[in-house]
Amino acid sequence: MAEALIFLLNVLVVTYLCWRVLRADKARRSGKSASLGYLAYKDDAKR
Amino acid sequence: MRDLVMFGMVLAWLPMAFMNGFVAFLLWIYTTLMSPQLYLYGFMSGFRYVFVFAGLALGLLLLGRVQDRGAFIKDKTMVLLLLFIAHAVTSAAIAWSSNPLVPFRLEVFIKGMALALAAPYFLTSRERIHVALIVIVAGLGIHGVLDGAKVIASGGGHNVRGIPGASLGDNNLLALGMVMLLPLWLYLAKYSANRWVKWGCLGGFALCVLAVLGSNSRGGFLALSILGLWYWLTSPRKLVSAIFVAIVATGVVHFAPDRWFDRIATIKEAGDDQSFMGRVAAWKVSVNIANDHPLFGGGFEASQVGAIWDQYKNTPNFIDIEIPSDISYKAAHSNYFQVMGDLGYLGLFLYLSLLASAYVTRWQINDLVKRTSSSNTWASDLSTAITLSLVAYMAGGAGVSLGYFELVYLQIVMLTIVRQMLLRQVEQDKDVLIQASNRAGAQRA
């Protein structure tokens, strides 16, 4: 059961990521700001 | 149930991949590293995930339908990669006629190399590289996360066995793959904006360490130790990195089951160990194959062919052992001896040059980061994470046959892409400076 849930979570994360990439590319094309949502990266971490 | 979920996911993925070539490329990476069919038992287990998404990505690329498409990078690393591929294909073509493993292994090799060669066309920005890293840890990391969770649930009793039918087919290979992922988990934890994602990455890191412990792999332990040492040596903040390594080491000592300590203790008695002696026998055979065919070797997995093994097992060389009759043909059990036996000394030279080029690229990236006007610490940190992953691969790979692991070549190409991005930035900075000085000159005049 736990294995199935982790598997499901994994494919859902990748699906979410693909959807955000698609959305961000569309937004960029129409000149709007684009973000990857929860999976966005942050600017350089300070050393 | 899983098959129905997967069916739904594929229905969602396909239109997204059609609409955006980069999404197709991401799904190509993901399905290559995850091998979803191995987790399915019904009608979706026969679906050719990699074939479909690789076909879509390459098809869209050839049709010019990839947005922000990159170009092939003409530098030493890519030339070396092309030479290595050409050499391996030639070796396969003229390989031993009695080596029946060549056609299958060649197909797997070409699929892995196609992924690496396609990367420069798709990974054209920092965002895309970040996304690709998430897909890499999601695709490969799921194996470690699942096994790590089982190690916890069983109180250390779970035996990690690897993923049959995939690149990481046994416990040693899986352990090495998981050690290679550790620096990437840490990079993503550092650079993910969302707090939950950060903690998720640290959780993935911990579960992958547990999966390595659950594998009872001595090679995995060695790779983990060398990775920790190298991480500390190359870290600019020695105290923080020492504390981090100490926390992980304490966790390992605390959580590892007794049988793991027993297994690791056998490293000292490797000379009396049948399993280790089998490896030495395979190394001896690989050296003999390369001595006889120095340019092109015996073809993929040559030491696993009974006829080839029998022909070379008794020829003396610098590995001075008598191979017992009960040890028969087996995998080379070392990346270096594997490539040597399969592709000859020339192939080994290209392979080692390719690995060495990754370290040169890392050095160049660090130099370029200092020369760019904007902050590019991420590039420096990413190059460190990838080279750490390659250190683990080179150390652990001394005892397992993972010479053609697609992730290694993809990471080497990713370093080249980052270097290229920084070079472009340096050029742009120069142009801006020249324009500014021209304007200032014109105003003075």
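Please refer to the structure higher up on the page.
Residues numbered from 1 in each chain as written. Chains lettered and ligands numbered in written order. Predicted model: local features only at pLDDT ≥ 70, side-chain atom pairs only at ≥ 80, totals over all residues. Heavy atoms only, no water.

I tried to follow the pattern of salt bridges on my own but got confused; where do I start?
Two side chains bearing opposite charge may form a pair once their charged atoms approach each other closely. All chains considered together, the criterion is met by 12 salt bridges over all chains. For A:Asp25, the salt bridge identified is with A:Arg28, shortest N-O distance 2.8 Å. Here A:Asp25 pairs with A:Arg28, and both are found in helix H1 (residues 2-29), just 3 residues apart, close to one helical turn. Since its relative accessible area comes to 37%, A:Arg28 is described here as partly exposed. Its salt-bridge partner being B:Arg105, residue B:Glu301 comes within 3.0 Å of it at the nearest N-O pair. With B:Glu301 in the loop between helix H12 (274-292) and helix H13 (306-312) and B:Arg105 in helix H5 (residues 102-122), this residue pair connects regions lying 196 residues apart in the sequence. As far as the burial class goes, B:Glu301 and B:Arg105 line up, both buried. (Salt bridge = Lys/Arg side-chain N within 4 Å of Asp/Glu carboxyl O. Helix = DSSP H or I, 4+ residues; strand = E, 2+ residues; numbered from the N terminus. Buried < 20%, exposed > 50% of the residue type's maximum accessible area, 1.4 Å probe, protein only.)

Even after reading the chapter, I still don't get the layout of surface pockets, so can you show me in this structure?
A probe as big as a water molecule, rolled over the atoms, marks out the empty space that is left. Residue and element names in this part refer to chain B. The space that makes up the second largest pocket amounts to roughly 1,000 Å³. Around the second largest pocket, the lining comprises 37 residues; the ones closest to its centre are Leu186, Tyr231, Ser241, Phe244 and Leu388. Elements that contribute at least two residues to the lining of the second largest pocket include exactly helix H7 (171-191), helix H9 (218-234), helix H10 (238-255), helix H14 (335-371) and helix H15 (377-396). Of the residues forming the lining of the second largest pocket, the biggest block, 9 residues, is contributed by H10. In terms of residue class, the lining of the second largest pocket is built from 23 nonpolar, 8 polar and 6 charged. (1 Å grid on protein atoms, 1.4 Å probe; cavity = no way out; pocket = protein on both sides within 12 Å on 5 of 7 lines; lining within 4 Å. Points joined across faces, edges and corners; volume = space filled by probe spheres on them. Nonpolar A, V, L, I, M, F, W, Y, C, P; charged D, E, K, R; others polar.)

Help me understand the nonpolar core, please; the structure alone is not making it clear to me.
As a rule of thumb, soluble globular proteins bury nonpolar side chains together. All names here are of chain B. Residues Trp13, Phe25, Phe84, Ile136 and Tyr409 are the most contacted members of the largest nonpolar core, which totals 154 residues. For Ile136, the contacting residues outside a window of four places in its chain are Ile29, Leu33, Gly141, Leu181, Leu184, Leu407, Leu410 and Met414. Counting residues in hydrophobic clusters, the runner-up holds 11 residues, among them Val285, Val305, Trp309 and Ile323. (Core = buried A, V, L, I, M, F, W, Y, C linked by side-chain atoms within 4.5 Å. Contact = heavy atoms within 4.5 Å.)

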